[in-house]
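If you want the building blocks of each chain, they are given just below.
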Amino acid sequence: MNGTSFQSDIRYWLRQGNTVNHLLFWNIAIFVVLGLLRLIAYFSRAGAVAFTFVSDQLVLHSNLEVLLRKPWGLFTYMFAHINIFHIFFNMLNLYWFGNLFRDFLGNKRILPLYLLGGLMGGVLYMLSFNLLFPAAVNLPLLGASAAVMCLLVGSATLMPNYEIGLLLLGSVRLKWLAMAIIVLDLISIPQGNIGGIIAHIGGAALGFIYIRLLKNGTDLCQPLMWVFDALSGANTAKPRQKRAFKPKKSPLKVVKKAQDENRQLKLDQLLDKINEKGIGSLSPEERAWLDKHSKE
């Protein structure tokens, strides 16, 4: 595959209108840049200086004085990874649960909730670190774990009985998967990385709170959705129409019709795939989805 074909594939992938794809792209791109700088740093002192400078700008610093000088770390840290296994599992979960969340609540909520989950995790990390270890040295935080946990727990809170297929385990309901991940986080505290685990819990808490509030008619993502629409010019294509404000109406009801249409479309696509390639061509997730929705 030549370079032109690769670039075309990336452009096509990003033009699909799926925010999860964009988040995956930027996380991976930043990981590659940091990885290349780290490789250069292994061979030269100048490279070490460059790697230290760039990574220092991206991470979230636990020291309040440093954070005040670099407040953007509250947002950039959730796009930065150095360890290959760290980014692999984060991006795998982002792909699974980000797209699952997107299927039910739409594309526009993905980036706002990702940012809010990461921000909650970062703030909780800062508070806990400075309360528990006020005299400790500066310890940076990086990685998308808190943001991804927010999407995972948000999905599990929205559809707790939704089943996904897992290797060796078979079909597992989302509520049990989310609970298992949180428990594993908590019992691993004695092994270290308490700050990272606290950030995970912060993201998970935001995902749970978000869905509970959404069901009562309050959408925490709405202000950011307005901002992103304004920045992208989404509202300039046609004049706004005034709408009567209806308090306490859940946005979940507003998207129900679209969800039903998407569900029927996906069901038709899977049936076409079976007719063309056989049922063995379905992934475990597709089989679990088909078993659930074909009976409805």
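Here, the structure is the one placed above.
Residues numbered from 1 in each chain as written. Predicted model: local features only at pLDDT ≥ 70, side-chain atom pairs only at ≥ 80, totals over all residues. Heavy atoms only, no water.

S.K.: Looking at this structure, I do not really get the overall build of the protein. What am I missing?
M.R.: Each helix and strand in the protein was counted, giving 14 helices and 2 strands. When each of the 296 residues of the protein is scored for burial, the buried share is 38%. Within the protein, contacts between residues separated by at least 24 positions form 70% of all contacts whose residues are at least 6 apart in sequence. Of the roughly 17,700 Å² of accessible surface on the protein, a fraction of 65% belongs to carbon and sulfur atoms. (Helix = DSSP H or I, 4+ residues; strand = E, 2+ residues; numbered from the N terminus. Buried < 20%, exposed > 50% of the residue type's maximum accessible area, 1.4 Å probe, protein only. Contact = heavy atoms within 4.5 Å. Areas by Shrake-Rupley, 256 points an atom, 1.4 Å probe, with all protein chains shown as cover.)

S.K.: What should I look at first to understand the pattern of salt bridges in this one?
M.R.: Side chains that differ in charge, positive against negative, can pair when their charged atoms come close. One pass over the structure, following the stated rule, counts 4 salt bridges. Measuring nitrogen to oxygen at the nearest pair gives 3.7 Å for the salt bridge that ties R173 to E163. On the criterion of sequence distance, the pair formed by R173 in strand 2 (residues 170–173) and E163 in strand 1 (residues 163–166) is long-range, its members being 10 residues apart. Residue classification places R173 among the partly exposed residues on the basis of a relative accessible area of 35%. Classification of E163 by relative accessible area gives partly exposed; the value is 31%. (Salt bridge = Lys/Arg side-chain N within 4 Å of Asp/Glu carboxyl O.)

S.K.: Is there a simple way to explain the nonpolar core in this structure?
M.R.: L60, L94, F101, L113, Y114, Y162 and L174 are the most contacted members of the largest nonpolar core, which has 58 residues in total. Contact partners of L60, with chain neighbours within four places excluded, come to L67, G73, L74, Y77, G122, Y125, M126, L139, P140 and L141. Core analysis: the second largest hydrophobic core is formed by 5 residues, L34, F51, L58 and A80 among them. (Core = buried A, V, L, I, M, F, W, Y, C linked by side-chain atoms within 4.5 Å.)

S.K.: Mind showing me how you'd approach the packing of helix 7 (residues 110–132) against helix 8 (residues 145–158) here?
M.R.: The relative placement of two packed helices comes down to the angle between their axes together with the axis-to-axis distance. It is the contact of helix 7 with helix 8, at a shortest axis distance of 7 Å, that shows an interaxial angle of 120 degrees. Of the possible angle classes, the one that applies to helix 7 and helix 8 is oblique. Handedness of the helix 7/helix 8 crossing: right-handed. For the pair formed by helix 7 and helix 8, the contact residues are I110, L113, Y114, G117, G118 and G121 on the first element and A146, A147, C150 and L151 on the second. (Axes fitted to C-alpha atoms, helices over the stretch in contact; angles between N-to-C directions. Parallel < 35°, antiparallel > 145°, perpendicular 65-115°, else oblique. Left-handed = near helix turned anticlockwise from the far one by under 90°.)

S.K.: Would you mind going over the pairing of strand 2 with me for this structure?
M.R.: For a regular strand, side chains alternate in direction, first toward one face of the sheet and then toward the other. Summarising the sheet, strand 1 and strand 2 pair through 4 bridges and their orientation is antiparallel. Note on strand 2: the bridge partner recorded for E163 is R173. Counted along the chain from strand 1 to the antiparallel partner strand 2, the turn is 3 residues long, and its residue L168 has a positive phi close to 75 degrees. (Pairing = 2+ DSSP bridges.)

S.K.: Which parts of the structure should I look at to understand helix 9 (residues 174–187)?
M.R.: In an α-helix, one turn spans 3.6 residues, which is why side chains three or four residues apart end up on the same side. Along its 14 residues, helix 9 runs 20 Å from first to last C-alpha, staying within 8% of the 20 Å computed at 1.5 Å per residue. L174, L177, A178 and D185 are the residues of helix 9 that are buried. Take helix 9 and look down its axis: the buried residues cluster within an arc of 95 degrees, on one side only. Exposed and facing more than 90 degrees away from the buried side of helix 9 are L184 and I187. The inward-facing, buried residues of helix 9 contact helix 6 (84–105), helix 8, strand 1, strand 2 and helix 10 (194–215). (Expected span 1.5 Å × (residues − 1). Arc of directions from axis to C-beta.)

S.K.: Is there a simple way to think about the packing of aromatic side chains in this case?
M.R.: Each aromatic ring pair is specified by the distance between its two centres and by the angle formed by the two planes. Following the criterion strictly, the structure yields 7 aromatic pairs and no others. Ring centres of F25 and W26 lie 5.2 Å apart, and the angle between their planes is 80 degrees; this geometry places the pair in the edge-to-face category. Overall, the relative accessible area of 26% leaves F25 in the partly exposed class. On the basis of an interplanar angle of 80 degrees and a centroid distance of 5.2 Å, the ring pair of F88 and F89 is categorised as edge-to-face. On the basis of relative accessibility, which here comes to 48%, the residue F88 falls in the partly exposed class. By relative accessible area, which is 46% here, F89 ends up partly exposed. (Phe/Tyr/Trp six-rings, centres within 6.5 Å; stacked < 30°, edge-to-face > 60°.)

S.K.: Teacher, can you tell me more about the packing of helix 8 against helix 9 here?
M.R.: Their axes nearest at 8 Å, the elements helix 8 and helix 9 cross at an angle of 140 degrees. Taken together, the axes of helix 8 and helix 9 lie oblique to each other. In this structure, helix 8 meets helix 9 at a crossing whose hand is left-handed. On the side of helix 8, the interface is formed by M149, L152, V153, S155 and A156, while helix 9 contributes L174, K175, A178, I181, I182 and D185. Residues of the contact of helix 8 with helix 9, tallied by class, amount to 8 nonpolar, 1 polar and 2 charged. (Nonpolar A, V, L, I, M, F, W, Y, C, P; charged D, E, K, R; others polar.)

S.K.: Is there a simple way to explain the environment of T76 in this structure?
M.R.: If you trace the backbone, T76 turns up in helix 5 (residues 73–76). Filtering out sequence-adjacent residues up to four positions away, T76 remains in contact with Q57 and L58. Within the structure, the side chain of T76 is placed 2.7 Å from the backbone oxygen of L58, a separation counted as a polar contact. (Polar contact = N/O pair within 3.5 Å; in protein donor to acceptor, adjacent residues only side chain to side chain.)

S.K.: Can you help me understand the side chain of N18 in this one?
M.R.: Tracing the backbone shows N18 in the loop between helix 1 (3–14) and helix 2 (19–43). Within the structure, N18 has its side chain in polar contact with the side chain of R102 (distance 3.3 Å). In contact with N18, not counting residues within four places along its chain, are N99, R102 and N107.

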